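Architecture and fold: a report
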Protein chains: 6
Amino acid sequence: MTRHDSRSVDDLRDIRITPNWQDAGEGNCLIEFGRTKVLCTASFTEGVPRWKSGSGEGWVTAEYAMLPRATDSRSARESVKGKIGGRTHEISRLIGRSLRAVVDMSKLGENSIVLDCDVLQADGGTRTASITGAYVALALAVEWALDNKILTESPLTDSVAAVSVGIVDGTPMLDLPYEEDVRAETDMNVVVTGSGSFVEIQGTAEDGTFDRDELNALLDLALAGTARLTEFQKEALA
Amino acid sequence: MTRHDSRSVDDLRDIRITPNWQDAGEGNCLIEFGRTKVLCTASFTEGVPRWKSGSGEGWVTAEYAMLPRATDSRSARESVKGKIGGRTHEISRLIGRSLRAVVDMSKLGENSIVLDCDVLQADGGTRTASITGAYVALALAVEWALDNKILTESPLTDSVAAVSVGIVDGTPMLDLPYEEDVRAETDMNVVVTGSGSFVEIQGTAEDGTFDRDELNALLDLALAGTARLTEFQKEALA
Amino acid sequence: MTRHDSRSVDDLRDIRITPNWQDAGEGNCLIEFGRTKVLCTASFTEGVPRWKSGSGEGWVTAEYAMLPRATDSRSARESVKGKIGGRTHEISRLIGRSLRAVVDMSKLGENSIVLDCDVLQADGGTRTASITGAYVALALAVEWALDNKILTESPLTDSVAAVSVGIVDGTPMLDLPYEEDVRAETDMNVVVTGSGSFVEIQGTAEDGTFDRDELNALLDLALAGTARLTEFQKEALA
Amino acid sequence: MTRHDSRSVDDLRDIRITPNWQDAGEGNCLIEFGRTKVLCTASFTEGVPRWKSGSGEGWVTAEYAMLPRATDSRSARESVKGKIGGRTHEISRLIGRSLRAVVDMSKLGENSIVLDCDVLQADGGTRTASITGAYVALALAVEWALDNKILTESPLTDSVAAVSVGIVDGTPMLDLPYEEDVRAETDMNVVVTGSGSFVEIQGTAEDGTFDRDELNALLDLALAGTARLTEFQKEALA
Amino acid sequence: MTRHDSRSVDDLRDIRITPNWQDAGEGNCLIEFGRTKVLCTASFTEGVPRWKSGSGEGWVTAEYAMLPRATDSRSARESVKGKIGGRTHEISRLIGRSLRAVVDMSKLGENSIVLDCDVLQADGGTRTASITGAYVALALAVEWALDNKILTESPLTDSVAAVSVGIVDGTPMLDLPYEEDVRAETDMNVVVTGSGSFVEIQGTAEDGTFDRDELNALLDLALAGTARLTEFQKEALA
Amino acid sequence: MTRHDSRSVDDLRDIRITPNWQDAGEGNCLIEFGRTKVLCTASFTEGVPRWKSGSGEGWVTAEYAMLPRATDSRSARESVKGKIGGRTHEISRLIGRSLRAVVDMSKLGENSIVLDCDVLQADGGTRTASITGAYVALALAVEWALDNKILTESPLTDSVAAVSVGIVDGTPMLDLPYEEDVRAETDMNVVVTGSGSFVEIQGTAEDGTFDRDELNALLDLALAGTARLTEFQKEALA
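Residues numbered from 1 in each chain as written. Chains lettered and ligands numbered in written order. Predicted model: local features only at pLDDT ≥ 70, side-chain atom pairs only at ≥ 80, totals over all residues. Heavy atoms only, no water.

The subject of this paragraph is helix H4 (residues 126-147) of chain F. All names here are of chain F. For H4, with 22 residues, the first-to-last C-alpha span of 31 Å sits near the 32 Å given by 1.5 Å per residue. With 18 of 22 residues buried, H4 is to be regarded as a mostly interior element. Backbone geometry just after H4 places Lys149 at a positive phi near 60°. (Helix = DSSP H or I, 4+ residues; strand = E, 2+ residues; numbered from the N terminus. Expected span 1.5 Å × (residues − 1). Buried < 20%, exposed > 50% of the residue type's maximum accessible area, 1.4 Å probe, protein only.)

Below is the structure:
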């Protein structure tokens, strides 16, 4: 079966990671999953939030946002609305948890890293592109801290990448663009470490439900996809 | 292996569902998963949000909240803080999606049902108790609408229940109270229909990662647990 | 004259106070005035707000809120609206003032007690039930602090209870449920100590005005009513 | 007994009402109770809030605010804080209720009058000065509407005025300035119509409690005081 | 050419500055530019915002606001809307910058002065009246601080005043009231020190554009106008 | 005199305008003034804000924002803070006014164009780059509307561009990067049409004041600079 963009069901879209896309940020990259473009920037600062103070441990957190016209029709800015929506909250939290899974907080010491993931253009998979790109920004920031003798050893225990999978017209598929995403019966985001273990699985039946065989088919696709994304990350960081 | 509350690893806590616990609400129940108590109330109103208007279809949504002293130490009210936190947003959205999975929106007609899930006492599993109780409130509200000739046939296509599972000290376990939840290496919430299909799977490695065998063990526990919760729902609605 | 619920004009509704209704909270009770149910919880914490710091004195405050479907039709949550309404503010302040009237702040030391009054079901008189129940929660929290040697002597100087009175169809009546409250020409909330002195009187002409004789008739009813509520409090605390 | 400003206990402070103090507003006055100065402005507009629409009835409401340096030390602006405080809410609601007590809403037709009471200088009694001045602004706006044939008959059923009374050092006194207000054991605001009936009584024990005799002494003072304020209102409107 | 209020094009409106118009505030005045009335109050407090702490320097800032019925039709309060509008922000910042231009922050020491400019009545030119009046309030506060030995030498390096100019029906004019302001093709606010140097120029083409000759004509008018305002300030402070 | 980046005082930085940098938006470009990068996107929608409805005229507005790490140190997001700051408000308003100066609203019909200017990287001059780029996005959107027969004639009456000028170490200079901007004694933003007329002049003395000769020198530089920017805009649109 061939998809509207002529990929096969187990193909990723064109993946491009441009490290150091901008000047500021202790680490940053522009990551593209096809037409989806996310600018991921790591800000490394000394000190931790008050509730971590004195623990000897660091903190890693993330903020996700979309430009108002990242999508086909314009959305109102959350700053203008005066509050952050549920979807933004949810994705920011997911990115933060995914990255913390590969950071040894005691090796980070009492330092904080904020990952800003700003979607410049959205065509499905913005949260998985954000996680995959944020890892690259994080790794660059850690390198910066090592180079600047702020850290003496890397707090990274592994790498992490994420991909979406879904069942569209009854067929399990990898890395859904918007067009497929809205038609998907089931939609799943899978976050996997470089060594192939799960960090997070979020599967949702959008229309109907899904059974265990479908779940397994989706997980197979996701594990193959994240393994390839891990390669792209390695190249970008080489 | 026996747990601190002397349950075996595949036991649910004491489950109690009290339908019509309060007077108002087209359907409501108090649901208890051990010491966790959630008041679930369905409000049925004519009309739908503007973006659904004219579609001939209904809408089901949910709002989750916790009393300030539902937990061991007091939390500030979100109304006082002037905004809803990320966790609240995330859970409200999960409950809404889970219930919509078993509602045929065209049979609901242009009517709305809001499910309020207010946690009176929290001891882990508040989101899964909320989904399980909200289904009961929803079913009671549908019954009310049928009795009052507002609906002519039930829009419910199945029932839905949810349970938490997790790996604690290396052992997969069912229905975690707070004490186990904080110690869990992996934590998963599974939403399943009465006929045993998945609606939503959210698994998170809290400490380390998890592999496919562990995932399968957790899903087995969850499917057994939700099957028993489905029985409790049936009794409550009988 | 007999009322719709067959009480006489100077009868209270069925009053029920269930101390320790929930697990958390240094003191708590569920109080019922007929169909009105309020969960009152006292949170005792060391330390005082900044403006009291160093004074050697403690602080007592209260927060009142209603569940969205405590009433016949659903109200939007104040957390969702992003601000607290005038009525909520007004009642929270009234409860706080009423309780502070019976606390010797220097005997409390630099400790704070927050009283949360959450209305689970509303049928008129929610603010007077809140004050009456909050006193019980407060007294239990003080007992807890004495038992735990956090306080060496009780800072309570008296007990406090409150009741609503009003003129309905020209007749002064005690303890109005919603049905009578909306029809009342004059509505008064009276807060009285266990020894029978006034703490607060708030009388409002809802339709027309009221004269001094009517005021006196209402105060007579209120004093008799609060005396009986004081008895219920004593029993609950026995 | 003589007070620090050499008034006797039953004296009002110097009362001055300047109608048409500013150009805008269908009615307005500057009212002074001693050093307390409040600008009261009535805005008359066609139409009513949505929930009154189609009722044939009008609506009267009020908004109270203080300039940041109306008081001895500067307070942060509520606009800057992003929310209205409990005290502001409470007073705005009190002013609105007090004025609605003397308006026949059906004679007002579907028109709205907003009373803005902005405290330019505060020395105690700002809420009672606001009510007394707002009535003058309201009466001028009604006159304007009659002159402009927007109304054919006056919707005013009476006049309304308010005064504070309190027990200071054991002595009941009329019209407390800030200096006495902070020392008062009991504090009461009384709203009375031109014909001498009560609209609202709000009595609070600030330190200790009060008994029925004290209440009666305070009410006597208040009724005498509001009768004199009614005279000042008449002169201002003459 | 004569204007609707019979001024010539280079005439100011009637300017009146009443120092010490109210009791509170270390310095204050009511300033009137024709029918525009602004109450300007300086609050002098020890200490500086955190980001200035330890610098040995002071801080001067301003807050501008309008009463809801300062204008012909009522505007909603920003406190009620829960946020400050862009225009308010812009003007507050302009006033602050203008005053800081004549203050030597090191001579002020670690003290803060907040200038509150509250528009009681608006008829065009509220921001220029605010700057001109705020300077008077500031100078009075400095005098107060010198009198009270809080400062040992004046931190004021010059005086500052502001005026609006504009091109109305093709003619450059000084000090526009609302009626001219809305018809102006070009509108300019000019802030000038007592010694005749520019602090700020904000010129905007409201309808069409303006060329360099027009700019020069407007600046000539503005410099003459601010010179006269400087005289009024001197008199008020004499 | 040569600057730190070896430009002469009347040189612009490297200007680059990339039209259609992203897929969405009826017109968009990435504009670069040296290291300053702004993404400008025009969203064309049918309909106008309510207050313009029925006027037969269109509306053009703008929203400016910065990514949190556009600058050297990270700023908190305005969406997270829950409100828009004064600087953001001020710049958004300036961009909107500048563009409206070259649009004939009646030729636009009842259509709206929103210009989003998102600063991806900031090195001084973000507001002038925004205006210059927003004009290109606007012109592309107008072209789109003409191509799609939504408009029959162009509502653009001219082009518009903006540049910053300032006095640094006593020398007037064109197009200041951040390094010069913070050291500038006087700072001016000048908005000029393609035909060389002024739309807006905003000059501020940041340290000291400025006189008329300095003003003239700055305006000469600005007019030469905007003339060159107009050429860049023409090329980008060719």
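Back to the write-up after that little detour.
Further remarks concern the sheet that holds strand E1 (residues 15-19) of chain C. Residue and element names in this part refer to chain C. Spatial ordering of the open sheet is given by E1-E2-E3-E5-E4, a layout of 5 strands whose pairing is mixed. Every other strand in the sheet has two partners, leaving E1 and strand E4 (59-66) as the edge strands with one partner each. Within the sheet, the average angular offset between the axes of one strand and its neighbour, ignoring direction, is 15°. Pairing analysis gives 5 bridges linking E1 to strand E2 (residues 27-33), with the strands arranged antiparallel. Paired with Thr18 across the strands is Leu30, a residue of E2. The strands that helix H2 (residues 86-100) touches are E4 and strand E5 (111-121); relative to E4, the one it contacts most, it runs at about 145°. (Pairing = 2+ DSSP bridges. Axes fitted to C-alpha atoms, helices over the stretch in contact; angles between N-to-C directions. Contact = heavy atoms within 4.5 Å.)

Relative placement of two packed helices is described by the angle separating their axes and the distance separating the axes. Contact pair helix H6 (residues 212-237) of chain E / helix H6 (residues 212-237) of chain F: the axes reach a minimum separation of 13 Å and the direction vectors enclose 155°. With respect to their mutual orientation, H6(E) and H6(F) come out roughly antiparallel. Regarding H6(E) and H6(F), the two cross each other, and that crossing is right-handed. Each of E:Arg212, E:Leu215, E:Asn216, E:Leu219, E:Asp220 and E:Leu223 in H6(E) lies in contact with H6(F), whose residues at this interface are F:Arg212, F:Leu215, F:Asn216, F:Leu219, F:Asp220 and F:Leu223. When the residues that make up the contact of H6(E) with H6(F) are grouped by side-chain class, the tally is 6 nonpolar, 2 polar and 4 charged. (Parallel < 35°, antiparallel > 145°, perpendicular 65-115°, else oblique. Left-handed = near helix turned anticlockwise from the far one by under 90°. Nonpolar A, V, L, I, M, F, W, Y, C, P; charged D, E, K, R; others polar.)

Moving on, we come to the interface of chain B and chain C. With 33 residues of chain B at the interface, the matching set in chain C holds 33 residues. Here chain B meets chain C over a buried area of about 2,700 Å², counting both sides, of which 48% is carbon and sulfur. Taken as a group, B:Arg69, B:Arg74 and B:Arg77 account for 23% of the area that chain B buries against chain C, more than any other trio of residues on that side. If you look at where chain B meets chain C, you find 14 salt bridges. One salt bridge in this structure joins B:Arg77 and C:Asp118, with 3.0 Å as the shortest N-O distance. At the surface where chain B touches chain C, the tally comes to 18 residue pairs in polar contact (both at pLDDT 80 or more). Elements with a minimum of two residues in the side of chain B that touches chain C: strand E3 (36-46), strand E4 (59-66), helix H1 (78-81) and strand E5 (111-121) of chain B. Its residues placed into classes, the side of chain B that touches chain C shows 13 nonpolar, 8 polar and 12 charged. (Buried area = accessible area lost by both parts, 1.4 Å probe. Salt bridge = Lys/Arg side-chain N within 4 Å of Asp/Glu carboxyl O. Polar contact = N/O pair within 3.5 Å; in protein donor to acceptor, adjacent residues only side chain to side chain.)

On to the relation of the copies chain B and chain C, then. When chain B is fitted to chain C, the residual RMSD is 0.0 Å, and the transformation amounts to a turn of 180° plus an axial shift of 0.0 Å. What we have between these two chains is a two-fold relation. Rotation axis and chain B: the residue whose C-alpha lies nearest the axis is B:Ser79, separated from it by 1.8 Å. A share of 100% of the interface residues of chain B reappears at the interface of chain C, consistent with the copies meeting face to face through the same patch. (Least-squares fit on C-alpha atoms with pLDDT ≥ 70 in both.)

Let us look at the pattern of salt bridges. In the structure shown here, the tally under the stated rule is 126 salt bridges over all chains. Residue A:Asp123 is joined to A:Arg35 by a salt bridge in which the shortest nitrogen-to-oxygen separation is 3.5 Å. Residue A:Asp123 is located in the loop between strand E5 (111-121) and helix H4 (126-147), and its partner A:Arg35 is located in the loop between strand E2 (27-33) and strand E3 (36-46); the two are separated by 88 residues in the primary sequence. Taking relative accessible area as the criterion, A:Arg35 reaches 44% and is therefore assigned partly exposed. Residue E:Asp116 is joined to D:Arg74 by a salt bridge in which the shortest nitrogen-to-oxygen separation is 2.6 Å. With E:Asp116 in strand E5 (residues 111-121) and D:Arg74 in the loop between strand E4 (59-66) and helix H1 (78-81), the pair connects residues from two separate chains. Accessibility expressed as a relative area gives 1% for E:Asp116, which makes it buried.

All names here are of chain A. Although it is not a glycine, Lys149 sits at a positive phi angle of roughly 60°. Relative to the elements of secondary structure, Lys149 occurs in the loop between H4 and strand E6 (160-168). By relative accessible area, Lys149 is classed as exposed at 70%.

With that out of the way, let us pick up the confidence of the model for chain A. Scored by pLDDT, chain A comes out at a mean of 96, with 100% of its residues at no less than 70. Scored by ipTM, the complex comes to 0.94, with pTM at 0.91. (pLDDT = per-residue confidence, 0-100.)

Sheet strands pair by backbone hydrogen bonding; their relative direction is either parallel or antiparallel. Strands sit in the order E7(E)-E6(E)-E8(E)-E9(E)-E9(F)-E8(F)-E6(F)-E7(F) across an open sheet of 8 strands; the sheet is antiparallel. Each having just a single partner strand, strand E7 (171-174) of chain E together with strand E7 (171-174) of chain F make up the two edges of the open sheet. Neighbouring strand axes in the sheet, compared pairwise and without regard to direction, differ in orientation by 15° on average. Across the face of the sheet, helix H2 (residues 86-100) of chain E comes into contact with strand E6 (160-168), strand E8 (186-193) and strand E9 (198-205) of chain E together with strand E9 (198-205) of chain F while running at roughly 150° to E9(E). Most of the contacts of H4(F) go to strand E6 (residues 160-168) of chain F, to which it runs at about 165°, and overall it touches E6, strand E8 (186-193) and E9 of chain F.

Okay, the UniProt feature "binding site: phosphate" (unreviewed entry) in chain A next. The positions that UniProt labels "binding site: phosphate" (unreviewed entry) are, in the present scheme, A:Arg87, A:Gly125, A:Thr126 and A:Arg127. A maximum C-alpha distance of 13.5 Å is found for the annotated residues, which run over 41 residues; spatially they form one tight group. Turning to its location among the elements, A:Arg87 is positioned in helix H2 (residues 86-100). Dropping the residues within four chain positions of it, A:Arg87 is found in contact with A:Tyr64, A:Met66, A:Thr126, A:Arg127 and B:Arg93. Along the chain, A:Arg127 falls in helix H4. Other than its neighbours up to four places away in sequence, A:Arg127 contacts A:Arg87, A:Glu90, A:Ile91, A:Leu94, A:Asn189 and A:Gln202. (UniProt positions renumbered as here; feature names shortened; annotations may be inferred.)

We now examine the pairing of strand E3 (residues 36-46) of chain D. Residues and elements named next belong to chain D. Of all the 11 residues making up E3, 9 are buried; the element is thus mostly covered by neighbouring parts of the structure. As defined by bridge partners, strand E2 (residues 27-33) adjoins E3 across 7 bridges and the pair is classed as antiparallel. Within the sheet, the bridge partner assigned to Cys29 lies in E3 and is Cys40. Counted between consecutive antiparallel strands, the loop separating E2 from E3 contains 2 residues, among which Gly34 sits at a positive phi close to 60°. Looking at chain direction, E3 and strand E5 (residues 111-121) are connected through 10 bridges and run antiparallel. Opposite Thr41, over in E5, you have Asp116 as the bridge partner.

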